[in-house]
Amino acid sequence: MRNLLLISVFLLFTCISCSQENDKPAQIAWDTWGVPHISANSVEDVFYAQGWAQMHNHANLILKLYGNSRGKGAEYWGKDRLQNDMLIHTLGFEELAETWEAQQDPQTKTIFKSFVDGLNAYAKAHPEVIDKENQLVLPITTKDVNMHSMFVVFTRFIAGGDLGLSQRWGSMGSNAYAIAPSRSASGNAMLVQNPHLPWSNEFLFFESHLTFNGYDMYGSTLVGLPGISIGFNNNLGWTHTNNTIDNSDVYEITLKDGGYLLDGKRNDFDITTKTIQVKQDDGTLSPTEISVLKTVHGPVVSKKDDKALALRMVGLDKPNMLLQWWRMANSASFEEFESALKMAQIGFWNVIYADKAGNIFYLFNGLVPKRSHGDWAYWSSVVPGDKSENIWVEVHPYEDLPRLKNPETGWLQNANDPPWTSTIPVALNPDDFPPYMAPLEMSFRPQRAARMMLEDSSITFDELVDYKLSTRLEYANRILDDLFTAIDNSGSQKAKEAKAVLEKWDRKADADSKGTLLFYLWTSKFNVNNPTNFVVKWDLDNPDNTPDGISNPAAAVQLLEATVDEMKARFGSLEVQWGDFYRLRLSDGKDIPANGAFDRLGVFRVAGSYDKPDDEKMFVSTGDSWVGVIEFGDEVKAKVLLSYGNATQKKSPHNGDQLELFSKKELRDAWFTPEEVKANTVRTEIFTGNGFKEKR
């Protein structure tokens, strides 16, 4: 009886304690890096708080992004945005957003509404932080979130190549590792998250920590989108990399008598007239009419003489992408996580996964069209649009996709290479899949990724951090012996002078590396990506050691001589430190040394630039964005970096505040436990019913 009484008293106090916890209002604890740690007991409060927090850090950027994604950039900010508006109207995003809102899961609708309510509440409470030119975008609606997600996913990723847009952004890629207990020195699984996208606009990430009913989730998502798209919790984590997937096609169609030919018969276009308002220099609006032509293939995106190009994309019937990410983040086991993956709402991106139970997993994720014929080369080119048999209507189910769980090697990697080289020796056979599934190739960056794994049979957490930050150039390792032989055979004194520098060089792209600039300028002339420059072509049977050899040694030496002349004329020396030329620009206008290099050189620490090699200096503006290195032990251990900082507001102290760490090749601790968050909180905001107020 006494025991029953004690149990009853314990349960009573437990219930009272639970009730008090559940009655606590949502709160945002802001840490010293501008990361919001959000605690809430309902989905509504979690996403309301995240909307508020995103607006606090990125108010003007978010309004710019949503205004552009509405297809009203020209109306708000002028004619420079007209081409973007025309694309959005041509692809029919406004109408598609209305369809999606009618079809979306109720939980998706809840997430979007709560997020939008938080965005608008912050804008109402803090109008002083919003630039006048952006105020006319308000209020934000759930339709804006839908249209922005469409704009990002379809025009920047799924159809970025076919629309000819991806070339503008340089380095759009990612790295990932998953390490099994058998390869880990601690016996714990580990994960590396490392997308590298342009450091501006719709490509910027937002870091946050969400605690929902005591369940922790940490990671990043693109600014303007709710939730966490690359993240981890106490049990598991995942990341994404851009995959070699062809899930949009451009069809060439023949025009005839105001229509187009299909199977030898003339068809009418479905024609819609759209009016776009364009802001003039004097502030007035001038209407511009465009005709949107649609075929059975999809909308016409280009037209010339008697031909036109029509675009067909996957995913137009998948309105719950962000809900899938939410369920992935809330998963507690591989089975739950895989169940979320099988929703198949995310049309792009590989998935690399690790968990506390010791599982590692790779999935060639995405929506791959079922095609009746043809290989990768056929479908990655312009497709003949005159036959209906070329118009696909279905996509492959989850079960058809290349995937690999717990390989014998104990490690998985992806650095934007096809699925076949996710581990070495190769465990996925391309012959087991349709020939259009993915190409056969492995560039120097994934070869570098694989080599670091192959050379270490017992990887510590600190070693994994070092591998992530490695600036060693795989291409230099591969080609310098052949270049040195060519120099020796040439008799060129200029080339021998260069050889002396390159022989002493550490073959890295660290800030103090001498020889990197010489090698980079030579490779810019030599063209790393031209397969005819090599004697031995790339081979799947030897994927991490090919291609090799210089096919035209004399030409390579001549290009090196030209590089010597260039360096002496520009810099007065061949031994210029890489960081003196390659720089990071801080928010105050000052600049500091950078490290890393262009991915074509086979470097894992990708840091690209839109500047030209003949500029006085080059400034990093794309590459390593979000970095997470996580170990799943009894407690999660994580180090992270958001290279450019977690805010874009001009007066924010977190606009660019992590670039110093980037320059030093350092990561920072992810504050994940309640004790860590409390120790590093600089201010706390409490939900009051119509916004957040700072706790005094």
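This text follows the structure it describes.
Quantities reported herein were computed from a predicted structural model and do not represent experimental measurements.

## As for the pattern of salt bridges
Then comes step 1: Per the stated rule, a full pass over the model turns up 31 salt bridges.
Then comes step 2: For Arg570, the salt bridge is made with Glu566, and the minimal N-O distance between the two is 2.7 Å. In this pair, Arg570 and Glu566 are both assigned in helix H16 (residues 553-571), four residues apart and thus about one turn of the helix distant.
Then comes step 3: On the basis of relative accessibility, which here comes to 19%, the residue Glu566 falls in the buried class.

## Focus on helix H2 (residues 43-69)
Then comes step 1: Look at H2: only 26 Å from first C-alpha to last across 27 residues, short of the 39 Å you get at 1.5 Å a residue.
Then comes step 2: By the largest-angle criterion, His58 marks the main kink of H2, which is about 100°.
Then comes step 3: Extensive coverage of H2 is indicated by the burial of 24 of its 27 residues.
Then comes step 4: Gly71, located one to two residues past H2, shows a positive phi value of around 80°.

## Some remarks on the packing of helix H6 (residues 106-125) against helix H7 (residues 142-158)
Then comes step 1: Interhelical geometry of H6 versus H7 gives an angle of 110° and a closest axis separation of 8 Å. The angle between H6 and H7 falls in the class roughly perpendicular. On H7, the residues touching Phe112, Lys113, Phe115 and Val116 of H6 are Thr142, Val145 and Asn146.

## Some words on the nonpolar core
Then comes step 1: Membership of the largest hydrophobic core comes to 206 residues, with the highest contact counts inside it found for Tyr177, Trp326, Leu464 and Phe519.
Then comes step 2: Ranked by residues supplied to this core, first place goes to H2 with 14 residues.
Then comes step 3: Apart from residues lying up to four places away in sequence, Leu464 is in contact with Tyr177, Ile179, Met190, Val192, Met453, Ile459 and Val629.
Then comes step 4: Ranked by size, the runner-up nonpolar core spans nine residues in total, among them Leu255, Tyr260, Leu262 and Ile391.

## Topic: empty space enclosed by the protein
Then comes step 1: Tallied over the full model, the rule gives three cavities of 30 Å³ or more.
Then comes step 2: Lining the largest cavity we find 18 residues, and of these Phe157, Phe205, Leu222, Ile230 and Trp349 sit closest to its centre.
Then comes step 3: Going through the elements one at a time, H7, strand E3 (173-179), strand E4 (189-198), strand E6 (215-222) and strand E8 (236-241) are the ones with two or more residues in the lining of the largest cavity.
Then comes step 4: With three residues, H7 is the largest single contributor of residues to the lining of the largest cavity.
Then comes step 5: Looking at the lining of the largest cavity, its residues break down into 11 nonpolar, seven polar and no charged.
Then comes step 6: As for the second largest cavity, its lining consists of Trp100, Ser149, Met150, Val153, Phe154, Ile158, Gly315, Lys318, Met321, Gln345 and Gly347.
Then comes step 7: No other element matches H7, which puts five residues into the lining of the second largest cavity.
Then comes step 8: In terms of residue class, the lining of the second largest cavity is made up of six nonpolar, four polar and one charged.

## Some remarks on the packing of aromatic side chains
Then comes step 1: Counted according to the given criterion, the structure contains 40 aromatic pairs.
Then comes step 2: Aromatic pair Trp238 and Phe337: ring centres 5.9 Å apart, planes at 50°, arrangement tilted. With Trp238 in strand E8 and Phe337 in helix H9 (residues 334-341), this pair connects stretches of sequence that are 99 residues apart.
Then comes step 3: Connected via pairs of aromatic rings, a cluster forms that spans Phe444, Tyr475, Trp505, Phe519, Trp522, Phe526 and Phe534.
Then comes step 4: The aromatic ring of Phe598 is capped on one face by Arg600, whose charged end is 4.9 Å from the ring centroid.

The rules behind these values
Residues numbered from 1 in each chain as written. Predicted model: local features only at pLDDT ≥ 70, side-chain atom pairs only at ≥ 80, totals over all residues. Heavy atoms only, no water. Salt bridge = Lys/Arg side-chain N within 4 Å of Asp/Glu carboxyl O. Helix = DSSP H or I, 4+ residues; strand = E, 2+ residues; numbered from the N terminus. Buried < 20%, exposed > 50% of the residue type's maximum accessible area, 1.4 Å probe, protein only. Expected span 1.5 Å × (residues − 1). Bend = angle between axes of the 7 residues up to and from the residue. Axes fitted to C-alpha atoms, helices over the stretch in contact; angles between N-to-C directions. Parallel < 35°, antiparallel > 145°, perpendicular 65-115°, else oblique. Contact = heavy atoms within 4.5 Å. Core = buried A, V, L, I, M, F, W, Y, C linked by side-chain atoms within 4.5 Å. 1 Å grid on protein atoms, 1.4 Å probe; cavity = no way out; pocket = protein on both sides within 12 Å on 5 of 7 lines; lining within 4 Å. Points joined across faces, edges and corners; volume = space filled by probe spheres on them. Nonpolar A, V, L, I, M, F, W, Y, C, P; charged D, E, K, R; others polar. Phe/Tyr/Trp six-rings, centres within 6.5 Å; stacked < 30°, edge-to-face > 60°. Lys NZ or Arg CZ within 6 Å of the ring centre and 35° of its normal.

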